[in-house]
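Chain by chain, the residues:
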Amino acid sequence: MPIDPTIPAPPAPLSAQVQSLVSFLDHEAQPMIVLDPDYNILAANDAYRRQFGATGKPFIGQKCYRVSHHYELPCDQAGEHCPMKKARQLRGPDRVLHIHHTPRGPEHVVVELRPIFDEHGVITAYVERLSTVRSASARPSDDGLVGRAPAFNQALAALQRVAPSMLPVLLLGESGTGKELFARAVHATSARAGGPLVVVDCSGLSETLFESELFGHEKGAFTGAAVRKPGLVETAQDGSIFLDEIGDVPLAMQVKLLRLIETGTYRRVGGVETLHANFRLIAATHKPLDAMVARGEFRQDLYYRINAFPIRLPPLRERADDIALLADSFLRRAGGGMRTLSIDPEALAALRRRAWPGNIRELRNVLDHASLFADDGVIRVAHLPAAPALSGPVPKAAGGAPDDVPSQFAGTRSELARSLGISERTLYRRLKRHGKA
């Protein structure tokens, strides 16, 4: 009788070592699976079955990349980082952020893979731990971070690495790239999530006002100081402080800020009592701080203190694949639950052709403007405010890669993706849809 290739072969009997491992994993609270070296899922614990097991879709004996990504090839052959390949090379654990298909739709998942060795040092299996990222959404969302483009995922993966620690985080990026949302995600993912997040806008504050706002002041410290006022540092006790546009902090105040960060102590304006601060520092700027240091406009010692873990936030032009997702999210928010808004394909294509110097903030403003003219709830090209178009190649709309492109292109898959202005992962999905992957 011929074998049906669409039906997975029954899994091989588990070794005593793997059986013991599976029994242990069932007591783990986090979703975990056991894989063999050929990517087959051998077993899963209860937490995995509850969170990732879809009704009527068996996964035991299936390839992990088919279950998680709906790929026909391992992740590294589809433009992804494959943790199993890396763990095999390192003979040690590897960790990566992926977007997985789940019963709820696509979700960001942190995957940690660890090899299991037999008594001869041969890898016999892998244990994979999966942690769903709660601080961002790979689907349209009413609030928070939204995205799934490779550049966005890279920044999100860095955030997941640093958030549980106490290291200062420096968010770098152009205006409008979502630095405050990232700061809120760092705080919400940290051990201080139960404490306050205090936002300090450093731009436009004079030296005197900055010191008073940050450290507070005593009664009678200056004209108009009728009562003692606690500063934002005191308000942020046991929480986090977000210093937005830290590059605008007056040079004379930078030494006091450095002392606060290094010693955890400060004094109110007009006070003599030494107070102790307890907060996690998150800072952000769109300015080139390293160049400012070279010009003497920013203290070098302060720069090194805040730059312990820099995260670059990508501009919108590097996230063309996210424009539709972001637009859908903003239109949900603009509707406020009372009105359904959508955008037609031509208007969406027009949005992809824009240069977006104001990044995500500009996209939100454009959609807010256009929604006022969409009387039937559909945003069209005529509703969009005028804006300069991209000067370079126009990014292709999703699904817009012509069928004959692969046959005409002689380069590699990564070179083809770059020529189309899309990620290699997106190219793989499109080629697969056209039967050419």
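You'll find the structure just up there.
What this report covers is the structure whose coordinates are included nearby. If you're wondering where the values come from, they're calculated on a predicted model, not measured in any experiment.

Now for the overall build of the protein. Within the protein, the regular secondary structure consists of 17 helices and 18 strands. Of all 437 residues assigned to the protein, the portion counted as buried reaches 47%. In the protein, the proportion of contacts linking residues at least 24 apart, taken out of those at least 6 apart, comes to 65%. With an accessible surface of roughly 21600 Å², the protein has 53% of that area assigned to carbon and sulfur atoms.

Between helix α5 (residues 150-162) and helix α6 (residues 179-189), the shortest axis-to-axis distance is 10 Å and the interhelical angle comes to 35°. Seen along the crossing, α5 lies across α6 with a hand that is right-handed. Contact residues: α5 offers F152, A155, L156, L159 and Q160, while α6 offers F182, A185, V186 and T189. Its residues assigned to classes, the contact of α5 with α6 shows seven nonpolar, two polar and no charged.

Taken together, the five strands give an open sheet; going across it, the order is β9-β12-β15-β8-β16, and neighbouring strands pair in parallel fashion. The open sheet has two edge strands with one neighbour each: β9 (197-201) and β16 (309-312). Within the sheet, the average angular offset between the axes of one strand and its neighbour, ignoring direction, is 20°. Examined bridge by bridge, strand β8 (residues 169-172) and strand β15 (residues 279-285) share four bridges and lie parallel to one another. Residue pairing across strands places L171 opposite A284, the latter belonging to β15. With respect to the sheet, α5 is in contact with β8, β15 and β16, its orientation differing from that of β16 by roughly 155°. On the sheet, α6 packs against β8, β9, β12 (239-244) and β15 and is oriented at approximately 160° with respect to β15.

Before going further, it helps to examine the packing of aromatic side chains. Going through the model one piece at a time under the given rule, you end up with six aromatic pairs. Consider the rings of F215 and Y266, whose centres lie 5.7 Å apart with planes at 20°: the pair is stacked. Here the residue F215 occupies a position in helix α7 (residues 207-215), and Y266 occupies one in strand β13 (residues 265-266), the gap between them amounting to 51 residues. Arranged with centres 5.7 Å apart and planes meeting at 50°, the rings of Y303 and Y304 form a pair that is tilted. Looking at Y303, the relative accessible area reads 15%, which means it is buried. Using a relative accessible area of 55% as the deciding quantity, one classes Y304 as exposed.

Turning to empty space enclosed by the protein, a few remarks are in order. Over the atoms a probe the size of a water molecule is rolled, and this reveals where empty space is left. Under the definition given, this model contains two cavities of 30 Å³ or more. The calculated volume of the largest cavity comes to roughly 130 Å³. Lining the largest cavity are 16 residues, and of these C64, H69, C75, P83 and E128 sit closest to its centre. Going through the elements one at a time, α3 (64-69), α4 (83-90), β3 (94-102) and β4 (105-117) are the ones with two or more residues in the lining of the largest cavity. Among the elements that take part in the lining of the largest cavity, α3 stands out by supplying four residues, more than any other.

Backbone geometry at Y39 places phi at a positive 75°, although glycine is not the residue there. In this fold, Y39 is placed in the loop between β1 (32-35) and β2 (41-44). For Y39, a relative accessible area of 15% translates into the label buried.

Conventions we followed
- Residues numbered from 1 in each chain as written.
- Predicted model: local features only at pLDDT ≥ 70, side-chain atom pairs only at ≥ 80, totals over all residues.
- Heavy atoms only, no water.
- Helix = DSSP H or I, 4+ residues; strand = E, 2+ residues; numbered from the N terminus.
- Buried < 20%, exposed > 50% of the residue type's maximum accessible area, 1.4 Å probe, protein only.
- Contact = heavy atoms within 4.5 Å.
- Areas by Shrake-Rupley, 256 points an atom, 1.4 Å probe, with all protein chains shown as cover.
- Axes fitted to C-alpha atoms, helices over the stretch in contact; angles between N-to-C directions.
- Left-handed = near helix turned anticlockwise from the far one by under 90°.
- Nonpolar A, V, L, I, M, F, W, Y, C, P; charged D, E, K, R; others polar.
- Pairing = 2+ DSSP bridges.
- Phe/Tyr/Trp six-rings, centres within 6.5 Å; stacked < 30°, edge-to-face > 60°.
- 1 Å grid on protein atoms, 1.4 Å probe; cavity = no way out; pocket = protein on both sides within 12 Å on 5 of 7 lines; lining within 4 Å.
- Points joined across faces, edges and corners; volume = space filled by probe spheres on them.

Nothing here speaks to function; it is geometry throughout.
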